[in-house]
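# Residue-level structure breakdown
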Amino acid sequence: MSLELQSLTSQSAAALDRFAWNAICNWSKHTSVVTIYNGIDYAELTRCFLWDKVARAIRQQTNSDQFEFDRVLPPTPLTPHPNRLKFWLKRSLKLLQMWQDVRSLQSSQVLYVPCAHPTLQSVVKVIAQSESITVVAPQGAFDSALNIQTIRPPLLLDLPNLAHVEALHQGILEGLGALGVELLEPDVIVLRHQIAQLLLRTEQIETELSILRPNAILVFADNHFPVQSYVFVARKYAIPSIMLQHGLDCEQHCLDEAYADVISVWGDARLQRYQQDSTWQPSRLQANGNPEYDGLMFPNQLDRGGEYWLWTTRPHCPEKCYIPSRTPQEGIQILQALLTALEQSPTAHLVIKPHPLDDIALYQTYINAHPLSDRVTLSTGLVRSLIPNASVVISEDSTVGLEAMFFGKVVIHAHFAVSDPVLPFVKYNAALPGFSPETLQTSLQQIEQLSEKQQQDLLEGQRQFLQQYAGVCDGKAQERVTSMIQTILEQ
């Protein structure tokens, strides 16, 4: 363990998290390896691959006795095409097909949506109805019923530039090592494969955008693979990139940086954070609200009814623990605390809605072994369908906590990490605290005895939180977002 890490282990979790983030951002300053190829900075593009790996390495170095849940997924092997002549002929055909797709476009204004996401669905549907704008997306990305032109992107290259792969790989290991971070051996292997995929995919994106030359691209995020490559290549070709916020910032540090040229956020909280913390400042940063919330309103009263406790998890798999203070066992610890609370509340029932990237099998194993397993349900239903019948929503650092407030539900913020919560639910007095097994259980008991004043204070806290983080909820967010996009296309 490095001397700096040794000193940090006796300090706050926040200091250790900042150390990890500094290593992720600044490793390239501690190596002589070139990180810019063809005008693209791969020191920035590889950051997202290091979020989990640097955090895991530091957890292993500073807290190895609690490392049992930190496992590394094996990489997807890179296998060259067995018949290279056949591969190159097929790739040439794909390039020709894309040229034909592009030539068929009639509109003078093209909006390219390279990666499908539910956040973009409603906006794309509205813009696609415009006679002056053509929305283009890869085949199969969106519902075929939408008025969207499709293209057939070129195939990935057969193999990446191996010299660049090796140089970046060694540069990252060298730079991190100089800062006192040594990645676990399985992560070293995974990282090399990820770099190879990054180089291949970014070169494919260069081909896509150089042929298509859209007036703008629309993405749901701008700071991770592969959407970040689209943003960087678009910037290289002077194509504006537009990003729509798709959720709350539920991580420390990792989501501070903006990269897109034009960004639509929900509320002032995220707008101000970008202005304060991001190195890159978008040419246009606008708080428009969330089109998905156009049918929702701020609550007028708390809804104390309901049939069950609803716990909505954040992903606790190791690949989603982006800072050292977050650990994969948090989810199990929260589950154990909730099972204890069930023992104290004989009529209560717990419904768990796991995040799609959480380890459902691990929860099921613990539930099956518990004597109250018949009072616990793992649900695959939509969150919006589960909230109305919940008597309380137990949310972690998650957008669901905000959405529960639209329904006037009492929210408990479950956060067992040693670091501070990312979302200030409790600071706004919009939720009750659940920062340990004891406080979580106390808050569950307290719900039944809330006074009129406590209920009114919670309601007012929720309304203030919604205003700052969800933005203006006047039913016109869709209109503002589409107007902003159309303005960019017309410039």
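Up top is the structure.
About the thresholds
Residues numbered from 1 in each chain as written. Predicted model: local features only at pLDDT ≥ 70, side-chain atom pairs only at ≥ 80, totals over all residues. Heavy atoms only, no water. Axes fitted to C-alpha atoms, helices over the stretch in contact; angles between N-to-C directions. Helix = DSSP H or I, 4+ residues; strand = E, 2+ residues; numbered from the N terminus. Parallel < 35°, antiparallel > 145°, perpendicular 65-115°, else oblique. Left-handed = near helix turned anticlockwise from the far one by under 90°. Contact = heavy atoms within 4.5 Å. Nonpolar A, V, L, I, M, F, W, Y, C, P; charged D, E, K, R; others polar. Salt bridge = Lys/Arg side-chain N within 4 Å of Asp/Glu carboxyl O. Buried < 20%, exposed > 50% of the residue type's maximum accessible area, 1.4 Å probe, protein only. 1 Å grid on protein atoms, 1.4 Å probe; cavity = no way out; pocket = protein on both sides within 12 Å on 5 of 7 lines; lining within 4 Å. Points joined across faces, edges and corners; volume = space filled by probe spheres on them. Pairing = 2+ DSSP bridges.

## Considerations on the packing of helix H11 (residues 330–344) against helix H12 (residues 360–368)
Taken N-terminus to C-terminus, the directions of H11 and H12 make an angle of 30°; their axes are 10 Å apart at the nearest point. Relative to H12, H11 is oriented roughly parallel. Between H11 and H12 the crossing geometry is right-handed. Within the contact between the two elements, H11 uses Gly331, Ile332, Leu335 and Gln336 and H12 uses Leu362, Tyr363, Tyr366 and Ile367. A per-class count over the contact of H11 with H12 returns six nonpolar, two polar and no charged.

## Examining the pattern of salt bridges
Taken as a whole and judged by the stated rule, the model has 17 salt bridges. A salt bridge links Arg326 to Glu330; the nearest nitrogen and oxygen atoms lie 2.7 Å apart. A salt bridge links Arg384 to Glu403; the shortest N-O distance between them is 3.6 Å. Taken together, the residues span a long stretch of sequence, with Arg384 in helix H13 (residues 383–386) and Glu403 in helix H14 (residues 399–406) at a distance of 19 residues. On the accessibility criterion, Arg384 (32% relative accessible area) is partly exposed. Here the residues in one salt-bridge network are Asp52, Lys53, Arg56 and Asp187, joined through shared partners.

## Some remarks on empty space enclosed by the protein
Space left empty within the atom packing is revealed by a probe, the size of a water molecule, rolled over the atoms. Evaluation of the coordinates by the stated rule reveals two cavities of 30 Å³ or more. The computed volume of the largest cavity comes to approximately 60 Å³. Lining of the largest cavity is provided by Thr119, Leu244, Gln245, Ser264, Trp266, Gly289, Asn290, Pro291 and Val481. Among the residues forming the lining of the largest cavity, the class breakdown is four nonpolar, five polar and no charged.

## Quick word on the sheet that holds strand E15 (residues 432–434)
The strands making up a sheet are joined through hydrogen bonds of the backbone, oriented either antiparallel or parallel. Strands sit in the order E12-E11-E10-E13-E14-E15 across an open sheet of six strands; the sheet is parallel. At either margin of the open sheet sits one strand with a lone partner, and together these are strand E12 (376–378) and E15. Averaged over all neighbouring strand pairs, the angle between strand axes comes to 25°, with direction disregarded. Sheet analysis places strand E10 (residues 308–312) next to strand E13 (residues 390–395), joined by five bridges and oriented parallel.

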